[in-house]
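# Observations on the model geometry
So you can see what is in the structure, the chains are spelled out below.
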Amino acid sequence: MSVHSASPPALATLSREIMLAAGRFAAGHLGGLTPFLPFELVDAVLEETRAVQQRLRDLPSRVGVYFLLAMCLFPEVGYRLVWDKMTAGLGGLLPAPSTKGLRDLRRRVGCAPLKTLFEVVAGALAQPHTPGARFGPYRTVSFDGCSSIKTADSARNRGWLGRCPHGGYPQLELMTLVETGTRAVIAAIFGPTREGETSYATRLLSHLRPDMLVLWDRGFDGNDFLAAVHTTGARIVGRISQRRRPPVLKPLADASYLSAIGGVPVRIIEAQASVTCADGSGFAGTYRLVTTLLDARRYPADRLVRLYHERWEHESAYYALRHTILNGRVLRSCDPVGVEQEMWALLVLYQLLRRAMVEAAESRPGTDPDRCGFTVALHTARDLLVRAEGILEQGLGTIGSKVLAALLPARRPHVSTRKVKSPISRYAERKLDGRPDASQAVTAVTITLLQPAPPRPELPAATVPQYVGAGKTSSRMARVLAVLQEEPERQWRAREIAELLGDVTLAATYRQLARWTEKGLIKRIRTGRYAAAAPPTAAALHPGHQR
């Protein structure tokens, strides 16, 4: 028997050049994302925020900024492993610091540089010709909040954010203004969930511009918020409550009608959307939208109803932030200062990835940014950081090339029940509109515009009670009593009555309702709910004019 020895496999030696900062600054990089956050910008921000070190340390502040961003890029590992990934491609040039040294580096850098960096890189990214980014002359943007970001369960975090009402980790409320066409973050703010979405969104109104069209859901339905957005010059398309009774001032040809809310001229659109899924199932939902685009011929109602769906791009942005980057993990930091620093770093990283994706799409005319895969961009950035490649790349870069090579197919509409596998989720048992349990492709969407309800008939003058010497107060009371008597079984919210009055605040409405309740003109069912009382007598209406 003869034995043949196998020939050894052929070997190859690969060599490559790495361009990076010199000396102690070598570890300060973000791989292929570094060109979007160059050394000069980081140094300038550190100097502006006075976070630059007074003496040259083994761990300079610039390295600390990139370390914080790399921490968000690798949320699954600890400080030392993050450092090992940043230095893996450097050929052992730098010694490994201790965990305490890296923790001290975080503290020395602080929050201010990361917040300032976010303010520099944040903003809309779409060009005028970018597909899907505009509705007519307006750039579409949206407000939305995310309250599912969890922080470490420490006493200091609980003291700041409060306890989760159902137990578990303290939760942070993140409010952002997002460009829906690219999902880029224009502005952001975060804090305890108890302050509410509208309160946080109001603090971001300075970032709105007259060329923006703002989309929002029912959570932002409020007279004051609508008026505040309108004051900025931006246009509005938002969903409002079905319980509202806006006056029909003028019906329009497309079934919408002109009205007024909080002193703002608006147009109301009521529609039913019927959805047919690929498996043959279907469901329908009713929508009531308010818009400050008053020209029905230029902006038809059915187009605005379909445009409202773009608001869900904001949810995709939060999915990328909360699940694709963090993979549902709890933030590392055990104190409010660390949480704030980590959140700004996370937002900076997210925006850098979006910028790389949009630039890739812009390099190929006609490419919709929706087709660029966030997961592809994220994992390419992680690989390049480990290999220390692309630090000084020019042009499209490796991330852009990878994104273009793996473009997603054109967006297909799909639908699924909003259901979370959690015993404390408010969506756990929500399936009231017939949506399918699993995600389904949508084959058809039918929009049926609903005609406005006929205006309420004017009551005869004899049935409208008035004070002797009628003034503004008596006319207010007359309007409220007339409407409540028209629907005697209905329980009215104080806010709805304030909308009927139109020219008074909610607090003033509560005071007037209390006075009218004491006189027996209306009855209080429970806190904030009122209904018509028995028809008032002349003595009740005119107590100062009895004989």
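Residues numbered from 1 in each chain as written. Predicted model: local features only at pLDDT ≥ 70, side-chain atom pairs only at ≥ 80, totals over all residues. Heavy atoms only, no water.

### A look at the pattern of salt bridges
Across all of its chains, the model carries 19 salt bridges by this definition. Measuring nitrogen to oxygen at the nearest pair gives 2.8 Å for the salt bridge that ties E76 to R382. With E76 in the loop between helix 2 (61-73) and helix 3 (79-87) and R382 in helix 12 (residues 374-387), this pair connects stretches of sequence that are 306 residues apart. Classification of E76 as partly exposed rests on a relative accessible area of 35%. Of the residues examined, R382 reaches a relative accessible area of 17% and is grouped as buried. Across the pair R244 and D221 runs a salt bridge whose closest N-O atoms are separated by 2.9 Å. Separated by 23 residues along the polypeptide, R244 in the loop between strand 6 (235-239) and strand 7 (250-251) and D221 in the loop between strand 5 (212-216) and helix 8 (223-231) bring together distant segments of the chain. Exposure remark for D221: the relative accessible area of 24% places this residue in the partly exposed category. What you see here is one network of salt bridges that share partners, running through D144, D217, R311 and E315. (Salt bridge = Lys/Arg side-chain N within 4 Å of Asp/Glu carboxyl O. Helix = DSSP H or I, 4+ residues; strand = E, 2+ residues; numbered from the N terminus. Buried < 20%, exposed > 50% of the residue type's maximum accessible area, 1.4 Å probe, protein only.)

### Concerning the sheet that holds strand 15 (residues 529-532)
Ordered in space as 13-15-14, the 3 strands form an open sheet in which the pairing is antiparallel. With one partner strand each, in any of the chains shown, strand 13 (492-493) and strand 14 (522-526) form the two edges of the open sheet. As defined by bridge partners, strand 13 adjoins strand 15 across 2 bridges and the pair is classed as antiparallel. Bridging across to strand 15, R493 finds its partner in R529. Against the sheet, helix 16 (residues 506-518) contacts strand 14 and strand 15, and its axis sits at roughly 115 degrees relative to strand 14. (Pairing = 2+ DSSP bridges. Contact = heavy atoms within 4.5 Å. Axes fitted to C-alpha atoms, helices over the stretch in contact; angles between N-to-C directions.)

### Some remarks on the environment of D153
With respect to the secondary-structure elements, D153 resides in the loop between strand 2 (138-150) and helix 6 (155-161). Sequence separation between D153 and P170 is 17 residues, and the spatial gap between their C-alpha atoms is 6.2 Å. Filtering out sequence-adjacent residues up to four positions away, D153 remains in contact with R158, G168, Y169 and P170. Separated by 2.7 Å, the side chains of D153 and R158 make a polar contact. (Polar contact = N/O pair within 3.5 Å; in protein donor to acceptor, adjacent residues only side chain to side chain.)

### A word on the packing of aromatic side chains
Evaluated as defined, the whole model comprises 12 aromatic pairs. Their ring planes at 75 degrees and their centres at 5.8 Å tell us that F67 and Y79 sit as a pair that is edge-to-face. With F67 in helix 2 and Y79 in helix 3, this residue pair connects regions lying 12 residues apart in the sequence. Residues Y287 and Y308 carry aromatic rings whose centres are separated by 6.2 Å and whose planes lie at 65 degrees to one another, so their mutual orientation is edge-to-face. Separated by 21 residues along the polypeptide, Y287 in strand 10 (residues 282-291) and Y308 in helix 9 (residues 301-308) bring together distant segments of the chain. Each residue in the set F143, W216, F220 and F225 is aromatic and connected to the rest through ring pairs, giving one cluster. The positively charged end of R311 is found above the aromatic ring belonging to W312, 4.7 Å away from the centroid. (Phe/Tyr/Trp six-rings, centres within 6.5 Å; stacked < 30°, edge-to-face > 60°. Lys NZ or Arg CZ within 6 Å of the ring centre and 35° of its normal.)

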